[in-house]
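The lines below spell out each chain.
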Amino acid sequence: MVAELAEVRGSVEAVNAAVLLKVQQARPHSLVVRFDERERLPRHGERFERLTLQCGARRATLGPCRFESGEATGPEFVEPPAPAGSDGRLVFLEQVYDFSQLFQHGRINELSVRVRQLPLVWGRQATIQPAFRDFTSQLLYDFQVYRGLFDGLDRSLEHEPPEVRTAVHEVAIGAEYRNFCTFFDRQLGQLAAAVKDFSRQDHERHGFYFRKQLWDLILSSEFMGRTNLKPRGFAGDSVMMRMIYEREFRGRSLFSKFMHRHPLDTVAASAVRARRKLVADLLHRTQARRAEAGEKTRVLSVACGPAAELREVARTKEDLSQLEVLLLDQDQLALDDARDTIMELEQRLRARLDATLVRGSVRTLIGGSELSRRWGRFDVVYAMGLFDYLTPPVARAVLGKLYELLSPGGTLLLGNFHVNNPTRVYMEYWMDWVIYHRDELEFFELASELEDAEVSLTYEETGSQMFLQVKKPVRSGAEGP
Amino acid sequence: MDPVLQLSIRPQWDELEHARVQAVSFLRGHQFGEASVNAAEMVVCELIENATKYGSFREAAEPMSIAITVQGATVTIEVRSPVSSADDEHLARLDRAVQWIRGFQNPFEAYLERLREVSAQSLESRESGLGLVRIAYEGQSILDFFLIDQNVLAVSAVHRGQA
């Protein structure tokens, strides 16, 4: 899907000679190259005054560099495989370049540009309310004291064998994790109180400041590090969903284990786990009805992620073989995870699941007028973690299209976090994870233009998440041919 | 006062100006404060400019449609313009950009990143995408989009206004 630069060529120049080359691979801060003239290869360690890169008519000029041939070595470094035929790499001597976007976006970033931006970021402090600054600094102090205590324990554990370290960690988790939660939850309560009258713009500014201050605490948590860094370009990727389902103590140090686990013990996280059951219940009811008629149940999961709910749906061999699922997600890696879920189920239950995995984005896919011709119609369509990301105009359009994909008598089930989600401030300030919360009226309103639909709303047990259930009548005016 | 302002304009700069003026007087009529009117005005212009740049208008007379809807304190601005299936790459890029911008609690972070990109050396003459970021950052609006029946692109911004 991503259009990449086909070829980046260039030349390195010394005082009186230029050597033509092709960039074969862009590493984060070095370039793997192959030289054109095979008889006159530069020596290992040879210095060049500049590198000129070229792609089509566009050029970029980079500063002094050195050629290094041969494998990189180091005690903990395994060199990623270089493409066949490469001669070695160019390392830059006066500027720190970042090539991670070279092939994908044609861009060469420089450290000095980031440094020049610092005053712009520093200037943000002026927009922070003094009371919030005090609050953040008190919170930071309390957390660092807590961390210092656990880090001290970890330091002394370095003199113990791994088995002892594991045993002590387990004991400390058993004895102290609850206390840590009480502490953390109290801090969250104070944060919520401190920002309760903020406007949207205030939230944005103060959240930014808050995360800058707490950055190393955030990164100590594998989960919160990921929600902040968003390696796949969006929050809520399939790895995060897996972490929510697995709910482990992950991390090297005791403190990082606590920091990883705490956000997974929130109301929102347990709502995510609980909704799997809701999907399973709906599918079981539908399956029972369809099986009576001797038919398979056709199911569409939109923004499926790792499709963990299938484990709850298919408890027996019969469950599995009576299903036909189409799983849709924008992220190939999420679909790979879903494929793993399916394979595990098939092995355990010794039956095949009729499953189709489709990669595509909801926003562009729903435009396809012939979707039902391509995919057929479904008895159940569900989207659990999708509507939290769609604004009303888009949510309304997506809902309409999904409704069209229902068979007569079919059911659509959509999840959306409620405006009163108690984890909201935690998500926004600590996790940098913003979703579109709705109230009952706003959620209902999305379905207001559907013809003949029977719409109802339920809550999952924590009340932080709503589910809109839309049923298509058996005989419907909107029914297709 | 009517809660919806519906406009149809051709992708030409003088018509953009006409739409801008109408949008501003419509929002003033709804008693929004200067800050909100200015923000929404910028958003209208950016969305129209984007549609003009990337739309697949078959002829200069083919219009795009603009809808500004006021519901309580919320202003929704939506611009619909023609696209062709040849624009798949543009749509995929728009999709990534919208999710990326909305991935930050504070769109200032996306703004910083785009500023960096503008000053970076580049081997591709690609648009900076700064306009979309401005909608989120300066326009204080939530961006979204969808494709209608393969050939119409609807890009929208939701702004929580202030009196």
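Description of the structure in this document.

Some details on the overall build of chain B
Here's step 1: In terms of helices and strands, chain B carries 5 helices and 6 strands.
Here's step 2: Along chain B, from the amino end to the carboxyl end, the secondary structure elements read β-α-α-β-β-α-α-β-α-β-β.
Here's step 3: Taken against the 2.2 N^0.38 rule, which gives 15 Å for 163 residues, the C-alpha radius of gyration of chain B at 16 Å falls within 12% of a compact globule.
Here's step 4: C-alpha extents for chain B along the principal axes are approximately 50 × 40 × 25 Å.
Here's step 5: Buried residues in chain B amount to 60% of all 163 residues.
Here's step 6: Pairs at least 24 residues apart make up 65% of the contacts formed inside chain B by residues separated by at least 6 positions.
Here's step 7: Carbon and sulfur atoms form 50% of the exposed surface of chain B, whose accessible area is close to 6,800 Å².

Digging into the interface of chain B and chain A
Here's step 1: Each partner contributes to the interface: chain B provides 45 residues, whereas chain A provides 62 residues.
Here's step 2: The junction of chain B with chain A conceals about 4,700 Å² of combined surface from both sides, 49% of it contributed by carbon and sulfur atoms.
Here's step 3: Interface area lost by chain B to chain A is led by Gln105, Gln121 and Leu123 of chain B, which between them contribute 20%.
Here's step 4: At the junction of chain B and chain A, the tally comes to 6 salt bridges.
Here's step 5: Residue glutamate 109 of chain B is joined to arginine 211 of chain A by a salt bridge in which the shortest nitrogen-to-oxygen separation is 3.8 Å.
Here's step 6: Taken together, the connections running from chain B to chain A amount to 22 residue pairs in polar contact (both at pLDDT 80 or more).
Here's step 7: Counting residues per element, the ones that place at least two in the side of chain B that touches chain A are strand 3 (74-82), helix 3 (88-102), helix 4 (108-119), strand 4 (121-122), strand 5 (141-148) and strand 6 (152-160) of chain B.

Examining the pattern of salt bridges
Here's step 1: Tallied over the full model, the rule gives 53 salt bridges over all chains.
Here's step 2: Here arginine 247 of chain A ties to aspartate 265 of chain A by a salt bridge, and the two come within 2.7 Å at their closest N and O atoms. In this pair, arginine 247 of chain A is assigned in the loop between helix 8 (238-246) and helix 9 (254-261) and aspartate 265 of chain A in the loop between helix 9 and helix 10 (267-292), connecting sequence segments 18 residues apart.
Here's step 3: Judged by its relative accessible area of 36%, arginine 247 of chain A falls in the partly exposed class.
Here's step 4: Accessibility expressed as a relative area gives 26% for aspartate 265 of chain A, which makes it partly exposed.
Here's step 5: Bridged by salt links that share partners, the residues Arg211, Lys230 and Asp432 of chain A together with Glu109 of chain B form one connected network.

A word on the sheet that holds strand 9 (residues 97-98) of chain A
Here's step 1: Strand order in the open sheet formed by 3 strands is 9(A)-10(A)-4(B), and the pairing between neighbours is antiparallel. The outermost strands of the open sheet, each flanked by one partner alone, are strand 9 of chain A together with strand 4 of chain B.

Considering the side chain of threonine 52 of chain B
All names here are of chain B.
Here's step 1: Residue placement: threonine 52 occurs in helix 2 (residues 34-54).
Here's step 2: On the accessibility criterion, threonine 52 (19% relative accessible area) is buried.
Here's step 3: Within polar-contact distance, the side chain of threonine 52 engages the backbone oxygen of isoleucine 48 at 2.7 Å.
Here's step 4: The residues touching threonine 52, leaving out its near neighbours within four places in the chain, are Pro11, Trp13, Phe57 and Met64.

Things to note about helix 3 of chain B
Here's step 1: With 15 residues, helix 3 of chain B ought to run about 21 Å at 1.5 Å a step, and its terminal C-alpha atoms sit 21 Å apart, in line with that.
Here's step 2: Lining the buried residues of helix 3 of chain B we find helix 14 (362-365) of chain A together with helix 2, helix 4, helix 5 (130-137), strand 5 and strand 6 of chain B.

A few points about the packing of helix 2 of chain B against helix 5 of chain B
Residues and elements named next belong to chain B.
Here's step 1: Look at helix 2 against helix 5: their axes get within 9 Å of each other, and the N-to-C directions meet at 155 degrees. Considered as vectors, helix 2 and helix 5 are oriented roughly antiparallel to each other. Here the hand of the crossing between helix 2 and helix 5 comes out left-handed. Only Gly131, Leu132, Arg134 and Ile135 of helix 5 make contact with helix 2, whose side of the interface consists of Met42, Val43, Glu46, Leu47 and Asn50.
Here's step 2: Here the residues of the contact of helix 2 with helix 5 sort into 5 nonpolar, 2 polar and 2 charged.

A look at the packing of aromatic side chains
Where two aromatic rings form a pair, the distance of their centres and the angle of their planes describe that pair.
Residue and element names in this part refer to chain A.
Here's step 1: As enumerated under the stated definition, the model contains 33 aromatic pairs over all chains in all.
Here's step 2: Aromatic pair phenylalanine 143 and tryptophan 430: ring centres 5.3 Å apart, planes at 55 degrees, arrangement tilted. With phenylalanine 143 in helix 3 (residues 130-157) and tryptophan 430 in helix 17 (residues 424-430), this pair connects stretches of sequence that are 287 residues apart. Considered together, phenylalanine 143 and tryptophan 430 belong to a single accessibility category, that of buried residues.

What counts as what
Residues numbered from 1 in each chain as written. Chains lettered and ligands numbered in written order. Predicted model: local features only at pLDDT ≥ 70, side-chain atom pairs only at ≥ 80, totals over all residues. Heavy atoms only, no water. Helix = DSSP H or I, 4+ residues; strand = E, 2+ residues; numbered from the N terminus. Rg over C-alpha atoms; globule rule 2.2 N^0.38 Å. Buried < 20%, exposed > 50% of the residue type's maximum accessible area, 1.4 Å probe, protein only. Contact = heavy atoms within 4.5 Å. Areas by Shrake-Rupley, 256 points an atom, 1.4 Å probe, with all protein chains shown as cover. Buried area = accessible area lost by both parts, 1.4 Å probe. Salt bridge = Lys/Arg side-chain N within 4 Å of Asp/Glu carboxyl O. Polar contact = N/O pair within 3.5 Å; in protein donor to acceptor, adjacent residues only side chain to side chain. Pairing = 2+ DSSP bridges. Expected span 1.5 Å × (residues − 1). Axes fitted to C-alpha atoms, helices over the stretch in contact; angles between N-to-C directions. Parallel < 35°, antiparallel > 145°, perpendicular 65-115°, else oblique. Left-handed = near helix turned anticlockwise from the far one by under 90°. Nonpolar A, V, L, I, M, F, W, Y, C, P; charged D, E, K, R; others polar. Phe/Tyr/Trp six-rings, centres within 6.5 Å; stacked < 30°, edge-to-face > 60°.

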